[in-house]
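A closer look at the structure
Below are the chains, spelled out letter by letter.
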Amino acid sequence: MIILGVESSCDETAIALVENGRKVLSSEVASQIKTHERFGGVVPEIAAREHLKIILPLYEEAMRKSGCKPSDIDAIAVTQGPGLIGALLVGSSFAKGLAHSLSVPLVPVDHVHAHVHGALLGIDDSIDFEDKFPCLSLVISGGHSNLYYMSSPTHFEILAATKDDACGECFDKVAKMMGLPYPGGPHIERLATEGNVNSYPMPKMLANKSTMQFSYSGLKTHIHYILKNQSLSESDKANLCASFQEEALNQLARKILLAQKRFEPNLKSILVAGGVAANQRFRQILHKELGNKQQIFFPKLTYCADNGAMIAAYGWHEYLKRHKNEDFNEHTWDAYARYKFEQVLPQNSKEER
Ligand code: KG4
Ligand code: ZN
């Protein structure tokens, strides 16, 4: 079954075609980072206009690279939220129009949940997804640090989130204080490879608490005072990046360990996703802490940041679940219309199209 995934929640327009939730036939991403750079953050109205400019050519490119015809598409999955409303509207209107013209179902999905499925993209055909659940999943991005218990690919029970800044947000803010470009995570990781993790003592946020929640504002403030009170040489900066990064990532590992101990006998895997999942040091730390106890999946680097393939992969699971439960006609598939999608369009089988 081939799902087309459409993503436009923030500053990346992305379209992908994915077969059976795992095989990526094509995945096109158009980033707007350069456009927003001079404003020091994403400008919502500009983001929406940029999505509008690129979405059709991007779709055509994704179709061309996949070798698929429009009639090969079985359903269209689209990011429903969270995100910038103008940006989301471009993707959802495009997806809705296309689904309407192809007579295929429209599957709206949650962007944060979809990130998790990025970790399982490309998984071997012989592996049954159900064998990887129940699992713990961690989404670490610029906006979220969410830890979930998942009993199935579509069931998300939130165990913890951040009390203040998200992990990626903290990387970005610390990078900005140090004069590094946005997004800061990759720059801090690069500098950290030249530094010593023990050079600067760091506060271990919530380390003595049994809570699984995250907190990053104290760590950020700590860096603020270090930078305010002394001027740093290049090697000091590398040391500071290494020390900061180590603690920022260790906090994540501590909380996953807590959750792992709580759910241990049932867990089949741990899935890690979102922009920060690209961090190689984090992959090392987690493998060292948990690698011999638990199978850990990270996305390929291209699927850590926002992309359409994760939307299509999660859309496939949602489609199957709803199809199985036969609640296609009850569910409000189309979150942005005044009427239900199915009421205007009878479900045609593919052969009839
Ligand atoms: O998932 P994502 O692409 O976008 C959303 O926020 O939804 O995540 C972006 C975040 C940024 O905060 C960025 O600094 C962080 O992921 N990031 C990293 C790395 N690469 C990206 N953080 C730490 N190490 C990295 N290598
Ligand atoms: Zn994202």
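Structural data are supplied above this passage.
The following refers to the structure shown. If you're wondering where the values come from, they're calculated on a predicted model, not measured in any experiment.

Right, let's get into the coordination of the zinc ion (ligand 2). In the first shell of the zinc ion (ligand 2), the protein supplies His111 (NE2), His115 (NE2) and Asp306 (OD), at 2.1 to 2.2 Å from the metal. For the zinc ion (ligand 2), the four donor atoms in the first shell make angles of 91 to 132° at the metal, so the coordination geometry reads as tetrahedral. Mapped onto the polypeptide sequence, the residues donating to the zinc ion (ligand 2) form the spacing pattern H-x3-H-x190-D. Here His115, found in helix H4 (residues 111-118), pairs with Asp306, found in the loop between strand E10 (296-297) and helix H10 (308-324); they are 191 residues apart in sequence, far enough to count as distant.

By the secondary structure assignment, Asn307 is in the loop between E10 and H10. Polar contacts involving the side chain of Asn307 include one to the main-chain carbonyl oxygen of Tyr303, which spans 3.3 Å. At 3.0 Å, the side chain of Asn307 and the backbone nitrogen of Ala309 are in polar contact. Those residues in contact with Asn307, other than ones at most four positions away along the chain, are Glu7, Ala14, Ser27, Val29, Leu121 and Thr302.

Moving on, we get to the layout of surface pockets. Volume-wise, the largest pocket comes out at about 1,300 Å³. Ser141, Gly142, Asp172, Tyr182 and Pro183 are, among the 43 residues lining the largest pocket, the residues nearest its centre. Going through the elements one at a time, helix H1 (33-37), H4, helix H5 (167-177) and helix H6 (185-192) are the ones with two or more residues in the lining of the largest pocket. Grouping the constituent residues of the lining of the largest pocket by class yields 18 nonpolar, 16 polar and nine charged.

Here the focus is the packing of aromatic side chains. Geometry of an aromatic ring pair is reported as the spacing of the ring centres plus the angle between the planes. Summed over the entire model, instances satisfying the criterion amount to seven aromatic pairs. Seen from their ring centres, Phe171 and Phe244 are 5.1 Å apart, and the 70° between their planes marks the pair as edge-to-face. Taken together, the positions of Phe171 in helix H5 and Phe244 in helix H8 (residues 234-263) put the pair 73 residues apart, joining distant regions of the chain. Each member of the pair Phe171 and Phe244 is classed as buried. With 6.2 Å between their ring centres and 90° between their planes, Phe282 and Phe298 make a pair best called edge-to-face. Taken together, the residues Phe282 in helix H9 (residues 280-290) and Phe298 in the loop between E10 and H10 connect sequence positions 16 residues apart. For Phe282, a relative accessible area of 0% corresponds to the buried category. Exposure remark for Phe298: the relative accessible area of 12% places this residue in the buried category.

With that settled, the discussion passes to H5. Taken together, the buried positions of H5 are Cys167, Gly168, Cys170, Phe171, Asp172, Val174 and Ala175. The inward-facing, buried residues of H5 contact strand E6 (135-140), strand E7 (145-152), H6, helix H7 (217-229) and H8. A positive phi of about 80° marks Gly179, the residue just after H5.

The subject of this paragraph is the pattern of salt bridges. Scanning the model with the defined rule gives 14 salt bridges in all. Residue Glu37 is joined to Lys34 by a salt bridge in which the shortest nitrogen-to-oxygen separation is 3.8 Å. Here Glu37 and its partner Lys34 are both found in helix H1, three residues apart, which amounts to about one turn of the helix. Across the pair Glu318 and Lys321 runs a salt bridge whose closest N-O atoms are separated by 3.8 Å. Of this pair, Glu318 and Lys321 both sit in helix H10, three residues apart, roughly one helical turn. Taking relative accessible area as the criterion, Glu318 reaches 4% and is therefore assigned buried. In this structure Lys321 comes out as partly exposed when scored by relative accessible area, which is 30%. Residues joined by salt bridges that share partners form a network here, namely Glu28, Glu61, Arg64 and Lys65.

So, about the sheet that holds strand E8 (residues 155-160). Backbone hydrogen bonds are what pair the strands of a sheet, in a parallel or an antiparallel way. Read across the open sheet, the five strands follow the order E8-E7-E6-E9-E10; overall the sheet is mixed. A single partner strand is all that each edge strand has here, and the edge strands are E8 and E10. With five bridges joining them, E6 and strand E9 (residues 269-273) adopt parallel strand pairing. Looking at the pairing, Leu136 lines up with Ile270 of E9. Relative to E7, H4 is tilted by about 70°, and along the sheet it contacts E6, E7, E8 and E9. Where H8 meets the sheet, its contacts fall on E6, E7, E8 and E9, and the angle it forms with E6 comes to roughly 160°.

For helix H2 (residues 44-66), spanning 23 residues, the distance from its first C-alpha to its last is 31 Å, which sits close to the expected 33 Å at 1.5 Å a residue. At Ile55, H2 shows its maximal kink, close to 40°; a proline, Pro57, follows between one and four residues later. Looking at the buried side of H2, the elements it contacts are strand E1 (2-7), strand E2 (12-19), strand E3 (23-31), H1 and helix H3 (85-102). Taken from the residues just after H2, Gly67 is the one with a positive phi, measuring 75°.

Calculation criteria
Residues numbered from 1 in each chain as written. Chains lettered and ligands numbered in written order. Predicted model: local features only at pLDDT ≥ 70, side-chain atom pairs only at ≥ 80, totals over all residues. Heavy atoms only, no water. Donors = N, O, S within 2.8 Å, 3.2 Å for Na, K, Ca; no water. Tetrahedral: all angles 85-135°; square planar, octahedral: opposite > 155°, others 65-115°. Helix = DSSP H or I, 4+ residues; strand = E, 2+ residues; numbered from the N terminus. Polar contact = N/O pair within 3.5 Å; in protein donor to acceptor, adjacent residues only side chain to side chain. Contact = heavy atoms within 4.5 Å. 1 Å grid on protein atoms, 1.4 Å probe; cavity = no way out; pocket = protein on both sides within 12 Å on 5 of 7 lines; lining within 4 Å. Points joined across faces, edges and corners; volume = space filled by probe spheres on them. Nonpolar A, V, L, I, M, F, W, Y, C, P; charged D, E, K, R; others polar. Phe/Tyr/Trp six-rings, centres within 6.5 Å; stacked < 30°, edge-to-face > 60°. Buried < 20%, exposed > 50% of the residue type's maximum accessible area, 1.4 Å probe, protein only. Salt bridge = Lys/Arg side-chain N within 4 Å of Asp/Glu carboxyl O. Pairing = 2+ DSSP bridges. Axes fitted to C-alpha atoms, helices over the stretch in contact; angles between N-to-C directions. Expected span 1.5 Å × (residues − 1). Bend = angle between axes of the 7 residues up to and from the residue.

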